[in-house]
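Fold and geometry: a report
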Amino acid sequence: MTALASLKRKETYIKLLNELRYALYCIFHPADGFWCISREKKASVASAHVLLALYAIIEVLRLTLTNFQFVRVNMEYFNALFAIGSIILPIALWSVANWAFTTLMNGKGKLSDVYIATVYAFTPVIICNAVGIVISQFITYDERELYFTMLTVATIWSIMLVLVAMMQIHDYTLLKAVASSFLAILGIGFMLFIFMLFFSLISDAVMYFISLINEIVFRLY
Amino acid sequence: MKIKLFLVLLLIFAFITALPVAAIGTGTGAGPTNYTYNYSFWGEEIAMPDAYYVAATINGNDFGIGNFLNPQGLYIRDNRIYVCDTDNNRIVLIEYHEAGDSYSLVRVVEYVMINQQQSALSRPHDIFENRNGDIYIADTENNRVLRLDRDFNYINSIFKPDDRSFDEGMDFLPLKLVVDHSNRIFIQARHINKGLMEYNIDGSFNGFMGASQVQVSLYDYFWKMISTAAQREQMELFVPTEYNNVALDHEGFVYTTLSTFSGNPFDADPVRRLNAVGTDILVRNGMFGDSSPAGDWYWSSLGGVDGPSHFADVVTFENDGYVCLDRKRGRLFAYDFQGNLLYVFGGRGNMDGRFVDPIALDRMGTSLFVLDARTSAITRFNHTEYGSFIDRAMNYYYEGRYDESAAMWDEVLKLNGNYDLAFIGKGRAALRNEQYYEAMKFYEAKYDRESYGKAFQLYRKEWIEANITTILVIIISLFVVTKGLGIFFKIRKNRKGGA
């Protein structure tokens, strides 16, 4: 009830806007910025949700609106939900895997800290994707390097921000941040493997009962 | 009432379902004789109307000389069709008469007279008629190439080269040959992987030409490095691949095909156009990524046939297009001068337009002739209306008549609205006519990025030049407004502060 009530108050939105604006501070002052995310509550899970939603929306727009010279999407088979999933799922998996490993490795960050910091670290990619959509309308295939360089720089920038964020929120050295990130990637693979195992076993089990029921139905009729 | 309504609906339904049947019934008399297809931008196989139909099949029996036996070579100049009837040790010359659409036997050559003595042919594999009428025969098992005049009178012979670059112990087994416009003779011989053997007109050996580059991957190199000598002996040798056919185009360049490659056919360049020093100068600007002309893009393993297409022969046209023969699946791949796949047809089987073991390909005008070594028959393909539209559109473009080309592409689109190259062809014509925006639309429809980029660049330039005043006015006014507002707020703030 209180959460719903707070949606009606003006202060909630001002706070949210300030938290989102903090993302711009974070990407230029990562050491300071990410330290304050967990310690001084400069950003919240809510603002991270909003930023992630923005990222997903811009990804869908990138795939649909970018000039066809720079993006290769077969609109016949395009599925916006897959595009959204391709953004949200890796970040969710990363947050869980990273949190799981860093908890064992004396990390100071909570799950929410990891999540907020990761989403905030992707701000350069979000901005450059949005800018790229606009730029792609004005440049030709010969000038494609401009577009692709921008996206590559944004990606590298974001990856470095993720590393710095991990250092700051867990109070790690760079080496430990890299090692824990590497382990987290392994953890993602492991989680996907378990998921697949689980779903295939469940579907096998369900199929068993379905065939059992079918058998009974065929016998009775 | 309800029953009446039901009956009316039933009648309408019956009428609707009967319509397409009627349409098929009253359609064109000749049904499809082939399955013709192409690939879309997304790599999907797309069926299209037939570009060629089977016009005739020619057998040795048609002329009362017994059937051909394992024929290996086919050569056509003007209306003369030369067949190398290999296992019958003879050359058969057939003439085509356009007047009656008929074929007649001109002569059968089983031997040539050398110094008043009969010298029999032994398993000839190829024959070539030069522009001045000289005939060259690859007399394979006699280890020689014969040069004859137009009446098959002996002039001279070409033998195994007396040269250090040719292995002494090796037999000279010429299989395929061409003679270029400056009378250099290029011979592809069995077990020779140094390229084509180049001879002068007097029969002297000139050296090898156009050996294909050896491709060694880092992975192979690594394993070779760490393996022992005994292991190395067991390994595949890194030798250049052997060509399997040669052809000459209208400008005198040599086309070669090869089929002994491992790995990705698109990297192996199975069809090449060699210049005088043996460098591959084939244009590979196919718009679909790195799709170098190499036959099928995807293949399945059906009926014991697996792997990429194996080109066995190539024939070129005046507009620099060419058709390759895939021996493995009996398919014919037509390409334009840029290396775009135009259409694919043919296949394996025992019906008209299908082959069991197609071995040689040549053309008479725009008609294609395919020689099948197993069924010993020559199949003649003529252009359908659709195929000739494509061909003429290409010709017009090649000649620089872009408007006619675009009109021809319109005709193609009437028959096949799915044809990517027709849109791109129309785009090309629009670009040449400086209709940049129209060109962009055509290119965009079929994802031709590079051409779109070019058209867009020109369009953008034109647009900026036309609207430069507006753009400048907007920029300046924006600048003035923002500056002005800034000053305004500053003053107001100062006043407030002052007050």
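Only a predicted model underlies this, so the values are computations on that prediction, with no experimental measurement involved.

Moving on, we come to the pairing of strand E15 (residues 185–189) of chain B. Residue and element names in this part refer to chain B. Within E15, five of the five residues are buried, which leaves the element mostly enclosed by the surrounding structure. Residues Ile185, Ile187 and Ala189 point to one face of E15 and Phe186 and Gln188 to the other, with burial holding for every one of them. Alignment of strand E14 (residues 174–179) against E15, held across five bridges, turns out to be antiparallel. Of the residues in E15, the one forming a bridge with valine 178 is phenylalanine 186. In this structure, the hairpin formed by E14 and E15 is closed by a connection of five residues, where asparagine 183 is found at a positive phi of approximately 60°. In this sheet, strand E16 (residues 196–199) lies alongside E15 in antiparallel orientation, the contact comprising three bridges.

Residue and element names in this part refer to chain B. Despite not being glycine, glutamine 116 has its phi angle at roughly 60°, a positive value. Within the fold, glutamine 116 resides in the loop between strand E8 (111–114) and strand E9 (117–120). Take glutamine 116: there are 5 C-beta atoms within 10 Å of it, and that puts it in the exposed class. Unlike most non-glycine residues, glutamate 434 shows phi in positive territory, near 60°.

Turning our attention to the environment of Glu233(B). Residue and element names in this part refer to chain B. Among the structural elements, glutamate 233 can be located in helix H3 (residues 229–234). Overall, glutamate 233 belongs to the exposed group, with 9 C-beta atoms counted inside 10 Å. Between the C-alpha atoms of glutamate 233 and alanine 360, which are 127 residues apart in sequence, the distance is 36 Å.

All names here are of chain B. The antiparallel open sheet is built from three strands, whose spatial order is E18-E19-E20. Across the chains shown, the open sheet's two edge strands, defined by having one partner strand only, are strand E18 (245–248) and strand E20 (271–274). For this sheet, the mean angle separating the axes of adjacent strands, direction not counted, is 25°. Both strand E19 (residues 254–257) and E20 contribute to a ladder of four bridges, which runs antiparallel. The residue bridging tyrosine 255 from the neighbouring strand is arginine 273, located in E20.

Quick look at the environment of Tyr452(B) now. Relative to the elements of secondary structure, Tyr452(B) occurs in helix H9 (residues 449–498). The spacing of Tyr452(B) and Ile424(B) is 28 residues in sequence and 9.7 Å in space, taken between C-alpha atoms.

This part covers the sheet that holds strand E12 (residues 144–148) of chain B. Residues and elements named next belong to chain B. A sheet is described by the order of its strands in space; here four strands give the open sequence E10-E11-E12-E13, paired in antiparallel fashion. Looking at strand neighbours, the two that pair on one side only are strand E10 (124–129) and strand E13 (154–158), the edges of this open sheet. Mean inter-strand twist for the sheet, computed between neighbouring axes without regard to direction, equals 20°. Here E12 runs beside E13; their pairing, made up of four bridges, is antiparallel. From the neighbouring strand, valine 145 faces E13, where its bridge partner is isoleucine 158.

With 109 residues, the main nonpolar core has Tyr136(B) and Leu177(B) as its most contacted residues. In contact with Leu177(B), not counting residues within four places along its chain, are Asp126(B), Phe128(B), Tyr136(B), Ala138(B), Val145(B), Ile185(B), Phe186(B), Ile187(B) and Val246(B). Counting 35 residues, the second largest nonpolar core, distinct from the first, contains Phe34(A), Trp99(A), Ile116(A) and Phe122(A).

Criteria and thresholds
Residues numbered from 1 in each chain as written. Chains lettered and ligands numbered in written order. Predicted model: local features only at pLDDT ≥ 70, side-chain atom pairs only at ≥ 80, totals over all residues. Buried ≥ 20, exposed ≤ 12 C-beta atoms within 10 Å, placed from the backbone. Helix = DSSP H or I, 4+ residues; strand = E, 2+ residues; numbered from the N terminus. Pairing = 2+ DSSP bridges. Axes fitted to C-alpha atoms, helices over the stretch in contact; angles between N-to-C directions. Core = buried A, V, L, I, M, F, W, Y, C linked by C-beta atoms within 7 Å. Contact = placed C-beta atoms within 7 Å.

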